[in-house]
Amino acid sequence: MPKRVDHEERRTQIAEALIRVAGRRGLHAVGMRDVAAEAGVSLRLVQYYFETKEKLLFYGLQHLTGRFTARVGARLAAAGPAPGPRATIEALLVASLPTDEESRTYHLVYSSYAILSVTDEALATQPFIDDPNAAENALTGLLEQARAAGLAYPSVDARTEAISLLAMAATMGTSILVGQRNPESAIAVLHHHLDRIFATTTTPTTGDHI
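What you see is a predicted model, and the numbers here were worked out from it, not measured in a lab. (Residues numbered from 1 in each chain as written. Predicted model: local features only at pLDDT ≥ 70, side-chain atom pairs only at ≥ 80, totals over all residues. Heavy atoms only, no water.)

> Explain the packing of aromatic side chains here, please?
Where two aromatic rings form a pair, the distance of their centres and the angle of their planes describe that pair. With the rule as written, the count across this model stands at 4 aromatic pairs. Residues phenylalanine 50 and tyrosine 59 carry aromatic rings whose centres are separated by 5.2 Å and whose planes lie at 55 degrees to one another, so their mutual orientation is tilted. With relative accessibility at 17%, the residue tyrosine 59 sits in the buried group. Summarising the aromatic geometry, the rings of phenylalanine 68 and tyrosine 106 are spaced 4.8 Å apart at their centres and angled 10 degrees between planes, so their arrangement reads as stacked. In this pair, phenylalanine 68 is assigned in helix α4 (residues 53-78) and tyrosine 106 in helix α6 (residues 101-119), connecting sequence segments 38 residues apart. Here the aromatic cluster, defined as three or more aromatic residues joined through ring pairs, consists of Phe68, Tyr106 and Tyr110. (Phe/Tyr/Trp six-rings, centres within 6.5 Å; stacked < 30°, edge-to-face > 60°. Buried < 20%, exposed > 50% of the residue type's maximum accessible area, 1.4 Å probe, protein only. Helix = DSSP H or I, 4+ residues; strand = E, 2+ residues; numbered from the N terminus.)

The following block contains the structure:
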């Protein structure tokens, strides 16, 4: 009896191969043949599942986003059953920094995809991410919650601070990638700005351990 193929598992296998190759060589240099070789499957099989390189790249980005979500979840779980707004924000921001091999790959591939989607017409026709404002809205909600509970200063503009924190984390991530600063100093800067926002400061729970 022929073995039953788990198609989602096969797609995941190919997406993982894409991420590994892109992490080593950069997304712009990755071809479907490279991914097939990394995954240990035929080029025809990769084409069967994804048809075009653009569809493969988009699926790979979705898979990478899922891994990032799990990474944030793990940091929140480590912070305790009720981490609160500040610890939740720290978990999201610190998880996005390239502090280890997986997060380095995430930052590199995600940034590369954003740049390629600007210059590649085929990629530009596909949505870069399902909800481009999801992180901004989430942080805004957490900051509004903190302000209402008296944990953040009354003058805090939640939307502006959310935008600023996300932009800061993205820039810090790039500076770590290029060797301008180390993860510890980047996290210290994030803590400094969170101290400026939050009226009640506590010992950091998600940023102490990289």
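> Is there a simple way to think about unusual backbone geometry in this case?
For residues besides glycine, phi is generally negative; the peptide bonds are generally trans as well. We note that glutamate 51 has phi near 65 degrees; this positive angle belongs to a residue other than glycine. Residue position: glutamate 51 is located in the loop between α3 (43-50) and α4.

> Explanation requested: the pattern of salt bridges in the structure shown.
Two side chains carrying opposite charge are able to pair once their charged atoms lie near each other. A complete count under the given rule lists 12 salt bridges for this structure. A salt bridge links arginine 11 to glutamate 8; the shortest N-O distance between them is 3.8 Å. Of this pair, arginine 11 and glutamate 8 both sit in helix α1 (residues 7-25), 3 residues apart, which is roughly one turn of that helix. By relative accessible area, which is 27% here, arginine 11 ends up partly exposed. With a shortest N-O distance of 2.8 Å, glutamate 38 and arginine 20 are connected by a salt bridge. One end of the pair, glutamate 38, is in helix α2 (residues 32-39); the other, arginine 20, is in helix α1, and 18 residues separate them in sequence. For arginine 20, a relative accessible area of 38% corresponds to the partly exposed category. Bridged by salt links that share partners, the residues Glu16, Arg67 and Glu102 form one connected network. (Salt bridge = Lys/Arg side-chain N within 4 Å of Asp/Glu carboxyl O.)

> How do you make sense of the packing of α4 against helix α5 (residues 84-95) when you look at a structure like this?
A pair of packed helices is characterised by two quantities: the angle between their axes and the separation of those axes. Packing of α4 against α5 brings their axes to within 9 Å, and their N-to-C directions diverge by 140 degrees. Classified by the interaxial angle, the pair formed by α4 and α5 is oblique. Crossing hand, α4 versus α5: right-handed. For the pair α4 and α5, contact is made by Phe68, Arg71, Val72, Arg75 and Leu76 and by Ala87, Thr88, Ala91, Leu92, Val94 and Ala95, respectively. Here the contact of α4 with α5 is built from residues that sort into 8 nonpolar, 1 polar and 2 charged. (Axes fitted to C-alpha atoms, helices over the stretch in contact; angles between N-to-C directions. Parallel < 35°, antiparallel > 145°, perpendicular 65-115°, else oblique. Left-handed = near helix turned anticlockwise from the far one by under 90°. Contact = heavy atoms within 4.5 Å. Nonpolar A, V, L, I, M, F, W, Y, C, P; charged D, E, K, R; others polar.)

> I tried to follow helix α9 (residues 158-177) on my own but got confused; where do I start?
Note that an α-helix has 3.6 residues per turn; residues three or four places apart therefore point the same way. Between its first and last C-alpha atoms α9 spans 29 Å; for 20 residues at 1.5 Å apiece the expected length is 28 Å, and the two agree. Three or more residues of α9 are buried, namely Ala158, Glu161, Ala162, Leu165, Met168, Ala169, Met172, Gly173, Ser175 and Ile176. The buried residues of α9 occupy an angular sector of 160 degrees when projected down its axis, which confines them to one face. Buried residues belonging to α9 abut α5, α6, α8 (134-148) and α10 (183-197). (Expected span 1.5 Å × (residues − 1). Arc of directions from axis to C-beta.)

> Before we go on, may I ask you to explain the packing of α1 against α6 in this structure?
The N-to-C vectors of α1 and α6 enclose an angle of 85 degrees; their axes lie 9 Å apart at closest approach. Looking at the two axes, α1 sits roughly perpendicular to α6. Of the residues in α6, those touching α1 at Ile19, Ala22 and Gly23 are Arg104, Thr105, Leu108 and Val109. The residue inventory of the contact of α1 with α6, partitioned by class, reads 4 nonpolar, 2 polar and 1 charged.

Purely spatial values, then, with no claim about function.
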